[in-house]
Every structure is written in C-alpha cells, then in structure tokens.
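Coordinate analysis (summary)
Chain by chain, the residues:
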Amino acid sequence: AKETLVIFTSDNGGWSGATDNRPLREGKGFMYEGGLRVPLIVRWPGVTKAGNLNPTPVVSMDLTATILDAANVALAPDESLDGDSLRPLFSDGKLRREALFFHYPHFAFHKDNRPGSAIRRGKYKLIQRYDDDSLELFDLENDLGETKNLVEEKPELARKLKSQLQTWLKETKAG
C-alpha cells in the first residue's frame with residue numbers, strides 16, 4: 001500500500017440513454033463533454049495528497065506517462081509519448097501544456113455521432129467535423145452543456161484553434 005500507484009477512471013463518458021450525463025451534452029462516442037469527461041481518482045503514496053481536488057483536464061494518454069514515471073522507467077531516445085506525466089499536477093497543481101486534443105475520425109458506437117477532431121485550450125473547445133468541415137466553438141467555463149456555438153461570435157479564436165488542431169493532426173500523423 002505504501003508503494004502502489006492506484007488509478008481509477010473510465011473511458012469516453014457514459015452511454016447516452018443508459019446514463020444521465022447532465023449537465024454534460026451527449027455521451028460515449030461523441031466529441032461533446034458527455035463523451036469525453038470521465039472520473040479520475042489517483043492515489044500515489046508520497047506524491048498525491050488525500051482529498052485534494054484539481055479541475056485540470058487530462059487525457060487517458062497521460063496515464064501511460066504517469067505509470068512510467070511512477071515506475072521510474074525512462075524512454076529510449078527514439079521513443080515518445082502522446083501524454084504527459086501527471087506528477088507536476090500533484091505537486092504544484094499545473095501541467096506544462098497549452099491544449100488537449102481529441103481525434104475521432106470514425107463513427108463510434110452508434111450512427112448519431114459524427115467523425116471529427118477537437119482541441120481544448122483553456123476554457124474553450126473547438127470541434128471540427130469531417131462530414132461537412134463545420135466547426136463548433138464552446139466556452140466550457142460558462143456553457144458546460146455546450147449549448148451555444150460561438151463560431152460566429154468569435155471567428156478569429158475559431159480560426160486560431162482550428163489552425164492549432166490542424167498542426168497537431170499533421171505532427172501526430174493523425175489527419
């Protein structure tokens with residue numbers, strides 16, 4: 001118990017119709033928060049503090065980096081990870097990245113979702129759809145349910161986030 005990292009989480013939100021994800025929109029397989037947000041509880045003796053809550057969004061790829069960090073396993077020079085160790089989040093409360101990225105280029109789980117990718121930077125999330133190249137921009141701090149698309153109100157922000165998303169897709173060879 002004094003040397004074991006324990007991680008409790010889930011994957012891709014709850015099933016729409018089978019779970020109630022409110023106030024989050026939709027569920028598993030969707031690019032909306034109901035399909036992306038899941039619980040995460042980490043117990044890491046000597047690193048985490050009991051009862052500490054941190055609202056910083058993370059992604060599942062961070063878990064690989066965190067586990068390797070906990071096991072003190074270094075990557076070979078030609079290896080890289082998509083995620084970051086969560087250790088800094090537990091020590092000073094901050095990660096050193098500017099954005100999170102999501103990529104669902106396919107129809108997942110049911111016919112109602114739409115293929116696309118997303119970037120979350122600060123309080124904003126931009127979703128780019130592949131079926132019609134449309135964009136959705138949400139202020140998650142003030143609209144957690146993603147009910148108001150801000151693309152028309154904030155076109156420059158939408159262009160900037162789309163450019164960052166496109167750069168990430170090229171760099172990771174995802175797009």
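Residues numbered from 1 in each chain as written. Predicted model: local features only at pLDDT ≥ 70, side-chain atom pairs only at ≥ 80, totals over all residues. Heavy atoms only, no water.

Turning our eyes to something else, we now look at the overall build of the chain. From N to C terminus, the chain includes 4 helices and 6 strands. Starting at the N terminus and walking to the C terminus, you meet the elements of the chain as β-α-β-α-α-β-β-β-β-α. Its C-alpha atoms give the chain a radius of gyration of 17 Å, near enough to 16 Å, the size a compact globule of 175 residues would have. Judged by the C-alpha coordinates and their principal axes, the chain covers about 50 × 40 × 30 Å. Here the chain holds 175 residues, and the buried ones make up 35% of them. Taking the average place of the 25 positive charges on the side chains of the chain and the average place of its 26 negative ones, the gap between the two points comes to 3 Å. (Helix = DSSP H or I, 4+ residues; strand = E, 2+ residues; numbered from the N terminus. Rg over C-alpha atoms; globule rule 2.2 N^0.38 Å. Buried < 20%, exposed > 50% of the residue type's maximum accessible area, 1.4 Å probe, protein only. Lys, Arg positive; Asp, Glu negative; His and termini not counted. Charge placed at Lys NZ, Arg CZ, Asp CG, Glu CD.)

Ordered by their spatial adjacency, 4 strands build an open sheet running β3-β4-β5-β6, and the pairing between neighbours is antiparallel. Looking at the sheet topology across the chains shown, the edges are occupied by β3 (100–104) and β6 (135–139). Each strand axis lies, on average, 15 degrees off the axis of its neighbour in the sheet, ignoring direction. Across 5 bridges, the pairing between strand β5 (residues 124–129) and β6 is antiparallel. Paired with K125 across the strands is F138, a residue of β6. (Pairing = 2+ DSSP bridges. Axes fitted to C-alpha atoms, helices over the stretch in contact; angles between N-to-C directions.)

So, about the environment of Y130. Locating Y130 in the fold gives a position in the loop between β5 and β6. Residues Y130 and H106, 24 residues apart in the sequence, show an inter-C-alpha distance of 9.0 Å.

With that settled, the discussion passes to the pattern of salt bridges. For the structure shown, the criterion picks out 17 salt bridges. Between K125 and E33 there is a salt bridge, with the nearest N and O atoms lying 2.8 Å from each other. One end of the pair, K125, is in strand β5; the other, E33, is in helix α1 (residues 33–36), and 92 residues separate them in sequence. The same class applies to K125 and to E33, which are both buried. (Salt bridge = Lys/Arg side-chain N within 4 Å of Asp/Glu carboxyl O.)

A low pLDDT means the predicted coordinates there should not be read in detail. Overall, the predicted model of the chain reaches an average pLDDT of 91, with 97% of residues at or above 70. No element of the chain has a lower mean pLDDT than α1, which averages 90, and none a higher one than β6, which averages 98. (pLDDT = per-residue confidence, 0-100.)

According to the stated counting rule, one finds 3 aromatic pairs in the structure shown. Arranged with centres 6.3 Å apart and planes meeting at 85 degrees, the rings of W44 and F90 form a pair that is edge-to-face. Taken together, the residues span a long stretch of sequence, with W44 in the loop between β2 (40–43) and α2 (61–70) and F90 in helix α3 (residues 87–91) at a distance of 46 residues. By the burial criterion, W44 is buried, and F90 matches it. Centroid distance F101 to W168: 4.8 Å. Interplanar angle 5 degrees. Geometry classified as stacked. Taken together, the positions of F101 in strand β3 and W168 in helix α4 (residues 155–171) put the pair 67 residues apart, joining distant regions of the chain. K28 extends its terminal NZ or CZ atom over the ring of W15, reaching a point 5.6 Å from the ring centre. Positioned over the ring face of Y32 is R129, at 5.3 Å from the centre of the ring. (Phe/Tyr/Trp six-rings, centres within 6.5 Å; stacked < 30°, edge-to-face > 60°. Lys NZ or Arg CZ within 6 Å of the ring centre and 35° of its normal.)

The next point concerns α2. Since the α-helix turns once every 3.6 residues, residues separated by three or four places project in the same direction. The complete set of buried residues in α2 reads D62, L63, A65 and T66. Each buried residue of α2 sits inside an arc of 165 degrees when the element is viewed along its axis, so together they form one side. Tucked into the core, α2 has its buried residues touching β1 (6–9) and β2. Following α2 by one or two positions, N72 adopts a phi angle in the positive range, close to 60 degrees. (Arc of directions from axis to C-beta. Contact = heavy atoms within 4.5 Å.)

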